[in-house]
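# Examining the three-dimensional arrangement
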Amino acid sequence: DFRKAMSQAGTSQFQEVIRQELEYSMKVELDKILATAPSNELEHTKNDLEGFKKLFHRFLQEKGPSVDWGKIQRPPEDSIQPYEKIKARGLPDNIASVLNKLVVVKLNGGLGTSMGCKGPKSLIGVRNENTFLDLTVQQIEHLNKSYNTDVPLVLMNSFNTDDDTKKILQKYSHSRVKIYTFNQSRYPRINKETLLPIAKDVSYSGENTECWYPPGHGDIYASFYNSGLLDNLIAEGKEYIFVSNIDNLGATVDLYILNHLMNPPNGKRCEFVMEVTNKTRADVKGGTLTQYENKLRLVEIAQVPKAHVDEFKSVSKFKIFNTNNLWIALSAIKRLQEKNAIDMEIIVNPKTLDGGLNIIQLETAVGAAIKSFENSLGINVPRSRFLPVKTTSDLLLVMSNLYSLNAGSLTMSEKREFPTVPLVKLGSSFTKVQDYLRRFESIPDMLELDHLTVSGDVTFGKNVSLKGTVIIIANHGDRIDIPAGALLENKIVSGNLRILDH
């Protein structure tokens with residue numbers, strides 16, 4: 001036992017030496033990169049690299065999955081409130097004064113590359129020529145006009161989306177919404193083998209575009225604080241931010257949740273509210289809220305030990321998942337940021353670059369900070385508040401007659417008899433937005449659809465109706481044209497059909 005203990009001590013000492021060497025090598029490389037920064041970018045680059053250094057230090061310290069599975073418990077009953085209970089309290093007469101304390105923040109760092117588009121994802125057209133950004137501005141403008149309030153919109157851009165977004169913002173200069181932007185940090189990607197940055201200087205254009213990345217939306221706390229915007233909004237009397245992904249079309253300002261925050265029934269305000277919703281089979285990988293060491297804690301699938309992944313995915317044990325719609329007190333962000341007390345697990349995201357180089361990105365997630373805030377709460381909201389558009393399959397749903405558009409908000413059509421969304425799977429011929437649009441002469445009637453699978457070279461004529469379960473498979477080299485006016489109800493179509501009788 002003594003020999004074993006000595007050998008373990010030797011191993012941990014050896015690991016510590018290696019850690020220190022890696023950290024030193026990283027510091028040398030980062031100093032070289034910083035030395036290439038022009039004077040007008042020096043301060044900003046220094047902040048970014050300091051933030052990265054802290055993250056890298058923590059990455060070297062951590063071993064294995066970051067949660068001890070034995071400590072995970074179901075959250076106490078009162079820590080996740082049903083939305084109906086919050087709504088049942090109604091609204092006060094002075095809802096305008098409550099709204100004036102709110103800031104809407106949209107996470108706008110992502111590109112549209114997964115849907116074959118260049119530039120920011122928020123500029124993709126989703127409904128009647130309106131982009132994600134158009135719909136967001138319309139929603140907030142409608143609020144400000146209806147209640148005579150001044151709710152501003154803040155966009156957290158990344159270095160990938162900032163220029164294009166700022167150009168487009170000019171078109172809203174006459175709208176009744178103040179729009180602010182700030183940039184999330186820019187961190188260096190690191191070589192998986194050497195654990196050193198692949199960037200040699202600060203530039204991020206041309207050959208260097210692949211050397212840098214925005215470090216996930218958990219970066220919002222530091223970059224919002226560093227931008228000075230947090231302090232400015234507090235000085236203006238703002239108290240809460242409502243944060244959500246710009247591609248979640250269900251994430252609109254909810255007055256009942258806001259009222260619950262500002263006028264809590266027990267008199268004690270929450271610093272952090274996470275909207276969760278019930279899991280379906282499609283959401284088994286979504287992060288879930290648990291009780292961990294007497295705090296609410298978000299647990300993501302990447303943190304779960306391999307032996308427990310199936311248990312984590314179980315819909316019966318972990319019934320809810322995080323929508324990433326969050327309500328956070330500004331004063332709490334300021335306090336925790338100044339104490340360097342926001343603790344978020346590191347997500348190690350491995351990627352292979354075009355040239356074949358294996359790299360890793362160190363990221364954090366905004367919801368993971370819930371355990372650092374006081375008096376946190378989950379609210380179990382209707383599924384309608386989670387309507388993300390990640391693929392063209394999602395795009396088909398939101399473009400269809402399943403939803404009606406009013407003042408920038410999409411709501412499920414009253415003509416649909418059940419509130420669940422159909423399951424839609426479009427094949428690889430539909431992945432890029434331009435290919436997808438070319439394959440539909442008009443968006444089919446989907447009011448009575450349960451399930452749609454389309455694979456291969458398929459096109460849809462005008463005014464097609466889809467009902468029940470519809471599966472259309474064109475084999476390799478075949479093509480299927482669904483003619484104008486066709487009604488497909490509980491049908492499987494395969495082979496090579498240029499004309500389909502109906």
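Residues numbered from 1 in each chain as written. Predicted model: local features only at pLDDT ≥ 70, side-chain atom pairs only at ≥ 80, totals over all residues. Heavy atoms only, no water.

## Structural notes on the sheet that holds strand 25 (residues 487–495)
- Across the sheet, 4 strands lie side by side as 20-21-23-25; this open sheet has parallel pairing. What marks the edges here is a single partner per strand, and that holds for strand 20 (423–426) and strand 25. Across the sheet, the axes of successive neighbouring strands diverge by a mean angle of 10°, strand direction being ignored.
- Where strand 20 lies against strand 21 (residues 449–455), 4 bridges are found, and the strand directions are parallel. Of the residues in strand 21, the one forming a bridge with Val424 is Leu452.
- Relative to the sheet, helix 12 (residues 392–399) contacts strand 20 and strand 21, its axis offset from that of strand 20 by approximately 130°. (Pairing = 2+ DSSP bridges. Helix = DSSP H or I, 4+ residues; strand = E, 2+ residues; numbered from the N terminus. Axes fitted to C-alpha atoms, helices over the stretch in contact; angles between N-to-C directions. Contact = heavy atoms within 4.5 Å.)

## Details of the environment of Arg383
- One can find Arg383 in the loop between strand 17 (377–380) and helix 12.
- Given the relative accessible area of 32%, Arg383 is considered partly exposed.
- When the C-alpha positions of Arg383 and Val154 are compared, they lie 25 Å apart, and in sequence the two are 229 residues distant.
- Contacts of Arg383, omitting those with residues within four sequence positions, involve Thr277, Asn278, Thr280, Asp283 and Phe321. (Buried < 20%, exposed > 50% of the residue type's maximum accessible area, 1.4 Å probe, protein only.)

## Considering the pattern of salt bridges
- By the definition in use, this model includes 26 salt bridges.
- For Lys171, the salt bridge identified is with Asp134, shortest N-O distance 2.9 Å. Here Lys171, found in the loop between helix 6 (162–169) and strand 6 (179–183), pairs with Asp134, found in helix 5 (residues 132–147); they are 37 residues apart in sequence, far enough to count as distant.
- Ionic pairing is found between Lys334 and Glu338, a salt bridge with its closest N-O pair at 3.1 Å. Residue Lys334 and its partner Glu338 are located together in helix 11 (residues 330–338), separated by 4 residues, close to a single helical turn. (Salt bridge = Lys/Arg side-chain N within 4 Å of Asp/Glu carboxyl O.)

## Comments concerning the sheet that holds strand 16 (residues 358–363)
- On the basis of which strands lie adjacent, the open sheet formed by 3 strands has the order 8-16-15 and antiparallel pairing. In this open sheet, the two strands that pair with only one neighbour each are strand 8 (190–191) and strand 15 (347–352).
- Here strand 8 runs beside strand 16; their pairing, made up of 2 bridges, is antiparallel. By the bridge assignment for strand 16, Asn191 is matched with Ile359.

## Things to note about helix 9 (residues 255–262)
- Counting buried residues in helix 9 gives 7 out of 8 residues, a clear majority hidden from the surface.
- The residue sitting at the N-terminus of helix 9 and contributing the capping side-chain oxygen is Asp254; that oxygen lies 2.9 Å from the backbone nitrogen of Tyr256. (Polar contact = N/O pair within 3.5 Å; in protein donor to acceptor, adjacent residues only side chain to side chain.)

## Focus on the UniProt feature "binding site: substrate" (unreviewed entry) in the protein
- Taking the UniProt record as the reference, the feature "binding site: substrate" (unreviewed entry) is found at His217.
- The topology assignment puts His217 in the loop between strand 9 (212–213) and helix 7 (220–226).
- On the basis of relative accessibility, which here comes to 26%, the residue His217 falls in the partly exposed class.
- Apart from residues lying up to four places away in sequence, His217 is in contact with Leu107, Met156, Asn245, Asn324, Thr364, Ala365 and Val366. (UniProt positions renumbered as here; feature names shortened; annotations may be inferred.)

## Some words on the nonpolar core
- If you look at the biggest cluster of nonpolar residues, it comprises 107 residues, and the most contacted ones within it are Ile220, Tyr221 and Phe460.
- Counting residues per element, this core draws most heavily on helix 5, at 6 residues.
- When residues of this core are assigned to domains, at least three fall in each of domain 1 (69–183 + 215–385) and domain 2 (392–494).
- If we skip the residues at most four places from it in the chain, Ile220 touches Val105, Leu107, Met156, Phe182, Tyr225, Val243 and Val366.
- Counting 25 residues, the second-largest nonpolar core is a separate cluster that includes Leu30, Phe159, Trp212 and Leu362. (Core = buried A, V, L, I, M, F, W, Y, C linked by side-chain atoms within 4.5 Å. Domains from an automatic or database assignment.)

## Concerning the side chain of Asp48
- With respect to the helices and strands, Asp48 occurs in helix 2 (residues 42–61).
- The buried charged residue Asp48 lacks any salt bridge, with Arg186 as its nearest oppositely charged partner at 5.0 Å.
- In this structure Asp48 touches Ser185, Arg186 and Tyr187, once residues within four positions along its chain are discounted. (Lys, Arg positive; Asp, Glu negative; His and termini not counted.)

## Concerning the side chain of Ser223
- Assignment of secondary structure puts Ser223 in helix 7.
- Judged by relative accessible area, Ser223 falls into the buried class, the value being 5%.
- Within the structure, the side chain of Ser223 is placed 2.8 Å from the backbone oxygen of Asp219, a separation counted as a polar contact.
- In this structure, Ser223 is in contact with Met156, Phe182, Asn183, Gln184 and Ser185, ignoring residues within four places of it in sequence.

## Regarding the packing of aromatic side chains
- Overall, the coordinates contain 15 aromatic pairs when judged by the stated rule.
- Taking 5.0 Å as the distance between ring centres and 15° as the angle between the ring planes, the aromatic pair formed by Phe182 and Phe224 counts as stacked. Of this pair, Phe182 sits in strand 6 while Phe224 sits in helix 7, and the two are 42 residues apart along the sequence.
- Taking the relative accessible area as the measure of exposure, Phe182 reaches 4% and is therefore buried.
- Residue classification places Phe224 among the buried residues on the basis of a relative accessible area of 0%.
- Residues Phe272 and Phe373 carry aromatic rings whose centres are separated by 5.1 Å and whose planes lie at 50° to one another, so their mutual orientation is tilted. (Phe/Tyr/Trp six-rings, centres within 6.5 Å; stacked < 30°, edge-to-face > 60°.)

## Observations regarding the domain arrangement of the protein
- Here the protein is partitioned into domain 1 (69–183 + 215–385) and domain 2 (392–494).
- Facing 16 residues of domain 1, the contacting portion of domain 2 comprises 16 residues.
- Across the domain 1/domain 2 interface, buried area totals approximately 1,200 Å², and carbon plus sulfur atoms make up 63% of it.
- Along the contact surface separating domain 1 from domain 2 lie 0 salt bridges.
- On the surface where domain 1 and domain 2 come into contact, there are 5 residue pairs in polar contact (both at pLDDT 80 or more). (Buried area = accessible area lost by both parts, 1.4 Å probe.)

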